[in-house]
Each structure stands twice: as C-alpha cells, then as structure tokens.
Amino acid sequence: MAMQPKCSLQAGSRRVVVPTSRPKVKPTHVVRFQTLNGSETGRKRPEYVANRISDPNYVRVLDTTLRDGEQSPGATLTAREKLEIARQLSQLGVDVIEAGFPVSSPADFEAVKQIAIEVGNEVQEDGYVPVICGMGRTVFKDLERTWEAVRHAQRPRVHMVLATSEIHMQHKLHMTRDQVIENAVAACKHLQSMGCYDIEFCAEDASRSDPAFLYEVLGAVIAAGATTLNIPDTVGWSMPHEYSALIAGIKANTKGVDGVVLSTHCHDDLGLATANSLAGVLAGARQIECCVNGIGERAGNASLEQVVMAMALRGEETMGGLWNGIRPVHIYPASRMVSSYSGMIVQPHMAIVGANAFSHESGMHQDGILKHRETYQIMTPESVGLPKDTSIVLGKLSGRKAVSSRLEQLGFGLSAEEVNDVFKRFKLGFGLSAEEVNDVFKRFKALADKKKNVTDDDLMDLVTLDHEECQGLEQEECLGHGQWELGYIQVVHGTMNVPTSAVTLKGPDGVTSVAQGVGTGPVDATFKAIDSLVKLEAQLVDYSAQSLWDGSQAPVTARVAIQPTGALGELAKQLRGGGSVEAKPLQFSGQDLDEDIVVCSARAYLTALNKMIGWVNAVNRKRGAASSSSAGSAGKEEQQQQDKAHMAVR
C-alpha cells in the first residue's frame, strides 16, 4: 500500500510528524473473513523462527491468560481447566501460549508440562502448532524447572524476568546495575546449556527504567542468546505516545536489536493497555502479549480480543498493513470459557465480548440495524463467534420496527396475503395483523416503562395472554390469572429419607388440590408433584439456581425452562415453521426469588407452565376463529391436531 507523503514540524524539542493528506477510508470495515481455518484471503502465517519474522507486517500474539491472567485475585485455575483453555487458545490460533509459572507450585509445573505434551504437539492441517512458554526468574532453579516443564513441546520457550527500573533494583532486588546485567547474561547462557534456544527476556518495569541502562541490558542479553525482548509497561504508567517512543528508542539504540523480536506487555491501570500495545507495534514491536477478556494483575492486561480485532479491522488501512494469525470466530467461545473457569465476570459494556457489545436499544439505532447492519456495527457478531440475532434489546426506547421484527423471529410473522385478510388461515400460528401488532406495541411500551429490558418471554406474554379476560389487571397479575397458583409445600428429605414433596395448587377453576411426588432431590420431587396436578405435556430443558450473595441466608434466584412435547410439541413445530428461528425449539421460562430454594424453584416452574398454558389457549382461540371464518376449510388431520392441543391443557 502506498504511503502518504508526510511533513515534519518542530514542537519544542519534539519532532511531530503530520500527514499532508488524510488516507482514504472506506465507509465500512465489517470483518467478513473469519472462518474456522483462517481468512478467505488465504494469507498464511510466516514459518516460525524464534528470533525473526519473515513478513515484516506480521504480529505474533502471545496469550498469557494462563500465567498473568491467573494472577488475578481469585482466578486460580485447575490443571484440567488450564489444559482446556490451552486447547481453546490453540483453536484460536495464538502464536505463543504462556502456560504458567512452573516453579510456583508442583500443580502448576504439572499443568504446564501437560499442556506442552498435549497442546504443544497437536499440529493442525496448515502446519500450525503453538509455542508453549513458561515463565521464571533468572534464578537457575527457576530456569531448570521451567525448561523441564516446556521442553516436551515441539516449540518450547522459556520467558525469564528481571527488573531494570531503579525502584525495583533498589527496593526489591537489592542489586546494582552491573549485577542485573551479569545475572541476565548468565541466565541466557544457562538456558542455552540445557538446550533451550527460544529465550524471551522480560525487562520488568521497562517503562520506568532509565532508557540508557535499558539499552545496555537488552544489548547484553541479545549477545548472550535472547531471541525475544519483552518491554513491559508493568504498572500501566505510560501514555501511548510515551510507550511508542520507548519502543522506537530501543530499536534505534540497542545493539543487535534487528536480530530479535520486540514484544509489548501492557497493563491497564490507567485503561490504556490496548492503546499502548497498538502504539508499540506501530513503533516496531512485532509481538503483543495479552489476555482473554483482559484479565490479569490488578486492573488487568491488554485484551486479546481488542488488539486482535483492532488489527483485523484497521490494520490494512491505518496501521501499515499489520495483521495476525488469530481466527476470530473462536474469540467468543474462548471468552466464555475463561470467564466460566476463572470466575471473572465479563463486564456487559466490554468491547467485542461484553453482553452489550452488539446490542442496540435505541429505536433509531434498531431501525438502522434492521435496515442495514453496518449503520451501527463495524463487525458482525458472527465474525467473533457470537450467535445470530443478538443485536436488538427491547426496552422503552425501542421502536415499532424492532418489536415487529422480533415478533417475526418468534414465529408470529405475517405474509403479505395474511395482512390483507385477518381471518385467513394462519400458516405461522399467530399471524398477527397490522392492528394486532399495534395493540402488542402499545402494551409493549407500557411494560417497557416498568422494566429495563423486555425479554422474548415478556413479548410472548403480550401476545398470548387473554387481555379481554384480564382487562383491568396489571400484566404481572394477568400472567397467573385463571391458571395454577402455588399454595404450600412440605418437603421431607435427608440422608435417611427418600426425597418427598407434598404441594397444594389452586387450579384454573379455583379448586385447591393436593399431590405428592418422589424424586432424586427436594426440587425434583416438588416438580413431579406439580406435574401430577397440572398434567401438561412439557419437558424440563433447563434449571439453574444461584445465590445472590455469600451466606446461608442469602436469597436464591431460580430459573426454569420447559418446552412442549407430544402433541403440543408437534403443534409448536407446525406453528413456528415459517419463523426465522425455526431450528430453535419453542421454550417457556420462569424465574423467581426466595430465601428457600425449593419454594422459588416451584414458583419458577409454575410460571413457565402457566406461560405455556397461555400459549396453548391463545393458539386454540386463534385457530378456532380461523376455522369458523374459513367455513370448514380446515383439513381433518389439522382438526385432530387442534383437538389434541385442547386436550393437553384440560
């Protein structure tokens, strides 16, 4: 790509470079190339050589989630979890997996060794196999233990760390400058004596080190055999222009620097880890060290997904053609896995992997997205591994177009012919007319004023509930009106008893009934007791319960999801046949909060059952009206299906 002509100005003692013309930028930068095996361009990552990269624009990605990321307070990982994350990182395509600090504990040594043996020898179809790296101090016993752990990989690396800033040398190491240089050189030679020739040297706290001394240390370790130089902003102190100048200074003043790879390692104490990392590669570094979800010591490290996608989207046009070998479709699965195993929750507003990253609530934004996705999204959710249909969040700012679109996705859509004839047979089940959509939208707006987000379940309720029967009631009241209500629960269970639950339910006819159930636990027994009274063709597909905070008296929130089975299941498939999400089974969920896990679980289960009953009733009313208006045009087989659906909720 042709470079833009530049002119330079003098600003005090600093040289400022200003482009004389703005580069031409395309209006959209949507990533379209992500596939399981790489990009559609067929660009292959350069063959791995420890101390150089044949393509000057290629940037290696070293993921340190398993080492620096695990240093996040409370983020300890088991050996099995580390192995699974390492496998996911290999699928992601990271060049180097920093698997841990082997000398820190026997468990970490075994975990790193296992990763080296298994992941470090899994060669993929394109010849890619990740470098497996372990970190240690420049102490000989650290280096020996680290090498023993990683040497089983096809491409083993040892990453040794020694501080170079005055504050560290004086207060932590108690070493002089000469001692630091001597120690670093001896460590390099010791590694080579054991057969390790892929050596990364980390000049800890480099951003606060004296530049002249830093150049001297780095030059010495290059001469001693180091192949990669890590230049960390250990405490997140640097501004992007300062970190860029640091890398540029090292390239200009360090003897032998052209024979090694420079690496960035930036922390996020001032929220600049990603910006500093990108500034570093623009200045000449060709390896970025980062963590999935940006986890790590204190405020965390540079986020892998952010630096990777910044290069994917802007690398060609604004970063001189910089690129990397990451397969972005594996980003979201890696993010979920790391979050689940580490217990580090991803913030909703976090770029790329946060719950809100591809969500839009404003009506204006939703309208733009529905008309042309690129109006408000610079990449697609699918390009980073997210499922489809994650963009629209329904709330009080949503417009009619977004609500109508979501109704179609849920199987409540209309064909053009059905809009013209409200009483025509409903091929999509509910087939809402324009007037009915308007009515739903009015009720949607009323509900959205009361709660932050309107879920698919809420939208289903707005359509399926009998609003004539529930007239004058709040939606929350209407949800259970004329359906099953929980009375009391009595549970007996323990190590000496078979879990048994007795429940009373008030039915749609106002009569209270009692039933007993036996199960594998108190919740299972309660669900079976409820089933014996409600007698609905439904299958439990998801159940979860979570304490809101620590302590035995903390409230519990329970969530239940069910789906129709038998005749109801077949009916659901028929009704959703024309929906855009037909592959997803129709489900009904319920959620409740209580200090008693059995009580809140029972209420959540009943909520889901009541929603399903409301759906069946609405279907029966709609299809009954359609049958009468079409003067008996319904087929015999379909009439039998309706009869079965009626019977299922009697």
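Since this is a predicted model, take the numbers as computed values, not measurements. (Residues numbered from 1 in each chain as written. Predicted model: local features only at pLDDT ≥ 70, side-chain atom pairs only at ≥ 80, totals over all residues. Heavy atoms only, no water.)

By size, the foremost hydrophobic cluster in this structure holds 92 residues, and its most contacted members are Val94, Phe201, Leu229, Ile231 and Ile250. Per element, the largest residue contribution to this core is nine residues, and it comes from helix α6 (residues 211-224). A domain split of this core shows at least three residues from each of domain 1 (55-342) and domain 2 (363-419 + 427-464). Leave out the neighbours within four places in its chain, and Ile231 touches Ala206, Leu218, Tyr243, Leu246, Ile247, Ile250, Ser263, Thr264 and His265. Counting 30 residues, the second largest nonpolar core, distinct from the first, contains Trp484, Ile562, Val598 and Val619. (Core = buried A, V, L, I, M, F, W, Y, C linked by side-chain atoms within 4.5 Å. Buried < 20%, exposed > 50% of the residue type's maximum accessible area, 1.4 Å probe, protein only. Helix = DSSP H or I, 4+ residues; strand = E, 2+ residues; numbered from the N terminus. Domains from an automatic or database assignment. Contact = heavy atoms within 4.5 Å.)

Now for helix α3 (residues 140-150). Of the positions making up α3, those classed as buried are Asp142, Leu143, Thr146, Trp147, Ala149 and Val150. End-on view of α3: buried residues confined to an arc of 160 degrees, all on one side of the axis. Where α3 is buried, its residues touch α2 (106-118), β5 (131-137), β6 (156-163) and α5 (177-193). (Arc of directions from axis to C-beta.)

On to the side chain of Gln287, then. Relative to the helices and strands, Gln287 is located in strand β10 (residues 287-290). Under the relative-accessibility criterion, Gln287 is labelled buried at 0%. A distance of 3.2 Å separates polar atoms of two side chains, one belonging to Gln287 and the other to Arg157. At a separation of 3.0 Å, a polar atom in the side chain of Gln287 contacts the side chain of Ser263. (Polar contact = N/O pair within 3.5 Å; in protein donor to acceptor, adjacent residues only side chain to side chain.)

The next subject is the packing of helix α7 (residues 240-253) against helix α8 (residues 273-282). One way to put it is that α7 packs onto α8 with a least axis distance of 8 Å and a crossing angle of 35 degrees. Where α7 crosses over α8, the handedness of that crossing is right-handed. When α7 is examined against α8, the residues Pro240, Tyr243, Ser244 and Ile247 are found in contact with a partner set consisting of Ala275, Asn276, Ala279 and Gly280. Split into classes, the residues belonging to the contact of α7 with α8 amount to five nonpolar, three polar and no charged. (Axes fitted to C-alpha atoms, helices over the stretch in contact; angles between N-to-C directions. Left-handed = near helix turned anticlockwise from the far one by under 90°. Nonpolar A, V, L, I, M, F, W, Y, C, P; charged D, E, K, R; others polar.)

Looking now at a nonpolar patch on the surface. Together, Leu540, Tyr543 and Ile597 make up a nonpolar patch on the protein surface, roughly 230 Å² of accessible area in all. By secondary structure assignment, the location of Tyr543 is in strand β14 (residues 538-547). (Patch = residues over 30% accessible without salt bridge, like charges linked within 9 Å, V, L, I, M, F, W, Y side chains within 5 Å. Areas by Shrake-Rupley, 256 points an atom, 1.4 Å probe, with all protein chains shown as cover. Salt bridge = Lys/Arg side-chain N within 4 Å of Asp/Glu carboxyl O.)

Right, let's get into the pairing of β6. Counting buried residues in β6 gives eight out of eight residues, a clear majority hidden from the surface. Neither face of β6 is open: one carries Pro156, Val158, Met160 and Leu162, the other Arg157, His159, Val161 and Ala163, and all of them are buried. As defined by bridge partners, β5 adjoins β6 across six bridges and the pair is classed as parallel. Counterpart to Cys133 in the pairing with β6 is Arg157. As a crossover connection, the stretch from β5 through α3 into β6 is right-handed. (Pairing = 2+ DSSP bridges. Right-handed = clockwise from strand over helix to strand, strands pointing away.)

With that settled, the discussion passes to the confidence of the model for the protein. Per-residue confidence for the protein averages 79 on the pLDDT scale, and 70% of its residues sit at or above 70. A low-confidence stretch, residues 578-583 (pLDDT under 50), is modelled with eleven contacts involving residues beyond four sequence positions or located in other chains. Segment residues 631-639 is flagged for pLDDT under 50; beyond a separation of four residues in sequence, or across chains, it makes nine contacts in the model. (pLDDT = per-residue confidence, 0-100.)

Right, let's talk about the packing of aromatic side chains for a bit. Considering all chains together, one arrives at three aromatic pairs under this definition. Ring plane angle 75 degrees and centroid distance 4.8 Å describe the contact between Tyr58 and Trp323, whose orientation is recorded as edge-to-face. Linking Tyr58 in the loop between β2 (14-19) and β3 (60-63) with Trp323 in the loop between α9 (304-318) and α10 (331-342), this pair joins segments that are 265 residues apart in sequence. Between Phe527 and Tyr605, the aromatic rings sit 4.2 Å apart at their centres with planes inclined by 20 degrees, giving stacked as the arrangement. Residue Phe527 is located in helix α17 (residues 522-534), and its partner Tyr605 is located in helix α19 (residues 597-629); the two are separated by 78 residues in the primary sequence. Both residues of the pair, Phe527 and Tyr605, belong to the buried class. Counting every residue linked through ring pairs, the aromatic cluster contains Phe527, Tyr543 and Tyr605. Sitting over the face of the ring of Trp323, Arg43 holds its NZ or CZ atom 4.2 Å from the ring centroid. (Phe/Tyr/Trp six-rings, centres within 6.5 Å; stacked < 30°, edge-to-face > 60°. Lys NZ or Arg CZ within 6 Å of the ring centre and 35° of its normal.)

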